[in-house]
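Descriptive analysis of the structure
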Amino acid sequence: MRGFRRVLGRALACVLALMLAGCGGQPWNDPYPGADQDQNTLYSAFTLRPKHLDPARSYSANEYGIIGQIYEPPLQYAFLKRPYRLEPLTATKIPEPTYLDAEGRRLPADAPASRIAFSVYTIHIKPGIYYQPHPAFARDDTGKYRYLHLTAKDLEGVTRLSDFRYTGTRELVASDYVYEIKRLANPALNSPIFSLMSGYIVGFNQYAKTLQKADDELKAEEGPKAYLDLTRYPLKGVKVVDRYTYQIKVRGKYPQLLYWLAMPFFAPVPPEVDRFYSQPGMKARNISLDWYPVGTGAYMLTVNNPNRKMVLERNPNFHTEYYPSQGEPGDAEHGWLKDAGKRLPFVNKVVYSLEKETIPYWNKFLQGYYDASAVSSDAFDQAITFGSQGTAELTPAMKAKGIQLMTTVEPSIYYMGFNMLDPVVGGYSASARKLRQALSIAVDYEDFISIFRNGRGIAAQGPLPPGIFGHQSGKDGIDPYVYRWVDGKPKRRSIAYAKRLLAEAGYPQGRSVKTGKPLIIHLDLTVGGPEDKALLDWYRKQFKKIDVELVVRATDYNRFQEKMRKGNAQLFTWGWNADYPDPENFLFLLYGPNGKVNHGGENAANYNNPEFNRLFREMKDMENSPQRMAIIERMLAIVRRDSPWIWGFYPKDLTLFHSWYHNAKPNAMAQDTLKYRRIDPKLRARMRRQWNQPVLWPVWLLLGVLVVFVTPAWLAYVRKEREPMRAPEPTAARRTDQRAT
């Protein structure tokens, strides 16, 4: 019975402990330490480990989400203003180019592009900007670097960056920017923008060859441990003027260079950091610039555990920067100017947890453990409904939680392209144009957006998405070959009209008038698996509406790329995300000399219209102006008539955020937006407790079951314990003995 009493007592104690815990401050399901409940920390997630955090190699959105908070190029995008525009970050002002002719003589600012042989950009950076604490800057009492000449013995016991005891810092100088530009040409890094920049930065191609030769010679002399010191090799087109000034010299007129100066490719990398990470034994320990970036930005990466989490913490050396005081109409009403003039950043720490599946991420967002969330397909119906005007709105359940919705159109386009070299769908004759126009009408992208995108998109009217100079909305912005303007909105032309165009193209009822054979179009694309069957069926249905047979040729991405390079595709699906918010970055996709087959460029349709090409060359070097707008309108009229693409759609991004998450205005071009976000941790902690109250009725039920089933046994036990002690009756043998006596 004592064992029974002990077990029963422990069970009741456990039940009581659970009940008391439910009355405490921290929810039972909180995935974070209790000490972090009220901390000024932003919580988010990642699904895949960023492959590159080195600014010379990184070119992916998930990578930029990290390094954009750490590295500071000279320019940045204004956080609130639209259309997107540049402003100084570490630079004192936006540099204005100096134009030179072929003999090096200075030209006036309004010189025609044909006379400009070189453009020189002089960038002045602000003094007093310092790097985050880092071992590469640590010096001993004599002023010598502590960790730039490490031996194998020095690295014993070192497994991560924090194992180095000492850190230091130093001021940002112009030579750090020059050093990073040199790194873009280093063959060992394979920077994704080297080929592009080699066409502009003077001496860039030759510099890469110089570095390759020097590296080969060093390795021949010193072996694989040889270090290539880029400071010893000058680059003709980039030079240091003084401590805070450097120059970039490019061929011709290239105003788009300013946009590149807002990207991490052109952020500073100190030579001593590069040398620190290049030491033997570092790479084997994952101690590298690809793993531990070093910058002057608002945050620094303090934890990089790809199997669990990544942590950004406030850079204690971050320079003075303030929240913007100006935006666009409507920003004040959204509360996006409440923090005007306050010092940045607002959040002390950002924690990214690994989430491989969307459902756990979504559930944690609803519980308040993530501060913002995209809307996945699995959760779309739970979060979003559509109003009478077809606009996305929050469901009542989301509104009840105080969750807010932000919708923005991304500077991107997804389209179907015709191979203009193909003998059936290509060419520039009237019949070829009518064939492509008919197919463009038949493929109903409004229907596609509704079915496959949950309404997250806008049917495209041309290659320029909203927010890009040259894009027009309303009646003047429609493609008149595919749409009509009816009752204040674009209306896709009828299938009957498309069939008429098809007949005029030589294919009445989908058959060739020359051969009598049915028209068969081949669509090349990459698909993920059996789940894409509905999409492929939808494509076939669109063409069937005008009696055209579509044959889908699904393949893997490598095979698809090969077909595109060789021009073996007839019709294909593709997309483009803006590198920078300039029409040149989209219209160059249709520029003849960028043709993929003949020139290896990004013009996947191999479109080559001489008049469009001429206008593109005139437009690409211009500043935004009414004159540039007029040229773009002429270019759009040409490509709409020729129809080298079925324009597809501009994707919409839907973001949800909680009531404690402030300054949530999206900015598709800026990489450094975390410094503007603000969290109300006390409100968050209160809402988490409210939303995650433990469900105690099962505990009470368990307690009731225990009472019902245990009480009889307990009472029997008590009665037994309370009975008086009685003398035992004598045994038979004993009674016999007594009688004999």
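Throughout what follows, the structure given in this document is the object of discussion.

A few words now on the overall build of the chain. Helix and strand content of the chain: 22 helices and 25 strands. In terms of overall size, the chain is more extended than a compact globule, its C-alpha atoms giving a radius of gyration of 34 Å where 741 residues would be expected to give roughly 27 Å. Seen along its three principal axes, the alpha-carbon backbone of the chain occupies a region of about 140 × 80 × 55 Å. Taking contacts inside the chain between residues at least 6 apart in sequence as the whole, the part at least 24 apart equals 70%. Carbon and sulfur atoms form 52% of the exposed surface of the chain, whose accessible area is close to 36,200 Å². Within the chain, one finds 100 positive and 75 negative side-chain charges whose respective centroids are separated by 4 Å.

So, on to the packing of helix α11 (residues 430-442) against helix α13 (residues 495-504). Helix-helix packing is characterised by the crossing angle of the two axes and by the distance between the axes. Contact geometry for α11 and α13: axes closest at 8 Å, N-to-C directions at 160 degrees. Relative to α13, the element α11 is oriented roughly antiparallel. The hand of the α11/α13 crossing is left-handed. Here Lys434, Leu435, Gln437, Ala438, Ile441 and Ala442 of α11 come into contact with α13, specifically with Ile495, Tyr497, Ala498, Leu501, Leu502 and Glu504. Its residues assigned to classes, the contact of α11 with α13 shows 9 nonpolar, 1 polar and 2 charged.

Inspection of the secondary structure assignment puts Glu63 in helix α2 (residues 61-67). Accessibility expressed as a relative area gives 5% for Glu63, which makes it buried. Taking the C-alpha atoms as reference points, Glu63 and Leu48, separated by 15 residues in sequence, lie 9.8 Å from one another. Discounting chain neighbours no more than four positions away, the residues touching Glu63 are Pro50, Lys51, His52, Leu53 and Ser58.

The next subject is the packing of aromatic side chains. According to the stated counting rule, one finds 41 aromatic pairs in the structure shown. Summarising the aromatic geometry, the rings of Trp260 and Phe265 are spaced 6.3 Å apart at their centres and angled 55 degrees between planes, so their arrangement reads as tilted. Comparing Trp260 with Phe265, the two get one shared label, buried. The ring of Tyr166 has Arg146 lying over it, and the distance from NZ or CZ to the ring centre is 3.8 Å. We note Arg493 situated over the ring of Tyr497; from NZ or CZ to the ring centre the distance is 4.9 Å.

The next subject is a negative patch on the surface. A contiguous patch of negative charge on the surface is contributed by Asp216, Glu217, Glu221 and Glu222. Structurally, Glu221 can be placed in helix α5 (residues 204-222).

Further remarks concern the packing of helix α12 (residues 445-452) against helix α14 (residues 533-544). In the contact formed by α12 and α14, the axes pass within 12 Å of each other and the chain directions differ by 160 degrees. It follows from the interaxial angle that α12 and α14 lie roughly antiparallel. Helix-helix and strand crossings are classified by hand; for α12 and α14 the assignment is right-handed. Between α12 and α14, the residues in contact are Asp447, Phe448, Ile451 and Phe452 and Ala534, Leu535, Trp538, Tyr539 and Gln542, respectively. Looking at side-chain class alone, the contact of α12 with α14 contains 7 nonpolar, 1 polar and 1 charged residues.

This part is about the sheet that holds strand β11 (residues 349-354). Strand order in the open sheet formed by 4 strands is β1-β11-β10-β9, with mixed pairing between adjacent strands. The two strands at the open ends of the sheet, each matched to only one other strand, are β1 (41-46) and β9 (299-305). Direction aside, neighbouring strands of the sheet carry axes that sit 20 degrees apart on average. In the sheet, β1 pairs with β11 via 6 bridges, with the strands oriented parallel. Note on β11: the bridge partner recorded for Leu42 is Val350.

Regarding helix α20 (residues 681-691), the residues found buried are Pro681, Leu683, Arg684, Ala685, Met687 and Arg688. Buried-residue contacts for α20 involve β1 and β25 (678-679).

Membership of the largest hydrophobic core comes to 145 residues, with the highest contact counts inside it found for Phe164, Ile248 and Phe276. The contact partners of Ile248, leaving out residues within four places of it in the chain, are Ser119, Val120, Tyr121, Ile123, Ile181, Ile201, Gly237, Val238, Leu257 and Leu261. Judged by nonpolar contacts, the second largest core, of 37 residues, contains Val425, Val548, Val552 and Leu571.

Attention shifts here to the sheet that holds strand β7 (residues 238-242). One open sheet holds the 5 strands; their spatial order is β5-β4-β6-β8-β7, and the pairing between them is antiparallel. At either end of the open sheet lies a strand with only one pairing partner, and these are β5 (106-107) and β7. Relative to strand β8 (residues 245-251), strand β6 (residues 118-124) runs antiparallel, the two being bridged by 7 bridges. Considered in β8, the bridge of Ser119 is made with Val250.

So, on to the pairing of strand β10 (residues 309-314). The sheet contact formed by β9 and β10 spans 6 bridges and is antiparallel. Each bridged residue has a counterpart across the sheet, and for Tyr299 the counterpart in β10 is Arg314. With 5 bridges joining them, β10 and β11 adopt antiparallel strand pairing. If you follow Leu312 over to β11, its bridge partner there is Val350.

Taken as a whole and assessed by the stated rule, the structure comprises 35 salt bridges. Of the charged contacts, one joins Asp642 and Arg433 as a salt bridge, the two residues approaching to 4.0 Å between their closest N and O atoms. Note that Asp642 is positioned in helix α19 (residues 626-642) and Arg433 in helix α11, a separation of 209 residues in sequence. Note on Asp642: relative accessible area 0%, which makes it buried. Linking Asp547 and Lys499 is a salt bridge whose minimum nitrogen-to-oxygen distance equals 3.9 Å. Of this pair, Asp547 sits in the loop between α14 and β21 (549-555) while Lys499 sits in helix α13; the two residues are 48 residues apart in sequence, bridging distant segments of the chain. Classification of Asp547 as partly exposed rests on a relative accessible area of 33%. Exposure remark for Lys499: the relative accessible area of 36% places this residue in the partly exposed category. Within this structure, Asp54, Glu180, Arg183 and Asp274 form a network of salt bridges that share partners.

Quick notes on the rules
Residues numbered from 1 in each chain as written. Predicted model: local features only at pLDDT ≥ 70, side-chain atom pairs only at ≥ 80, totals over all residues. Heavy atoms only, no water. Helix = DSSP H or I, 4+ residues; strand = E, 2+ residues; numbered from the N terminus. Rg over C-alpha atoms; globule rule 2.2 N^0.38 Å. Contact = heavy atoms within 4.5 Å. Areas by Shrake-Rupley, 256 points an atom, 1.4 Å probe, with all protein chains shown as cover. Lys, Arg positive; Asp, Glu negative; His and termini not counted. Charge placed at Lys NZ, Arg CZ, Asp CG, Glu CD. Axes fitted to C-alpha atoms, helices over the stretch in contact; angles between N-to-C directions. Parallel < 35°, antiparallel > 145°, perpendicular 65-115°, else oblique. Left-handed = near helix turned anticlockwise from the far one by under 90°. Nonpolar A, V, L, I, M, F, W, Y, C, P; charged D, E, K, R; others polar. Buried < 20%, exposed > 50% of the residue type's maximum accessible area, 1.4 Å probe, protein only. Phe/Tyr/Trp six-rings, centres within 6.5 Å; stacked < 30°, edge-to-face > 60°. Lys NZ or Arg CZ within 6 Å of the ring centre and 35° of its normal. Patch = residues over 30% accessible without salt bridge, like charges linked within 9 Å, V, L, I, M, F, W, Y side chains within 5 Å. Salt bridge = Lys/Arg side-chain N within 4 Å of Asp/Glu carboxyl O. Pairing = 2+ DSSP bridges. Core = buried A, V, L, I, M, F, W, Y, C linked by side-chain atoms within 4.5 Å.

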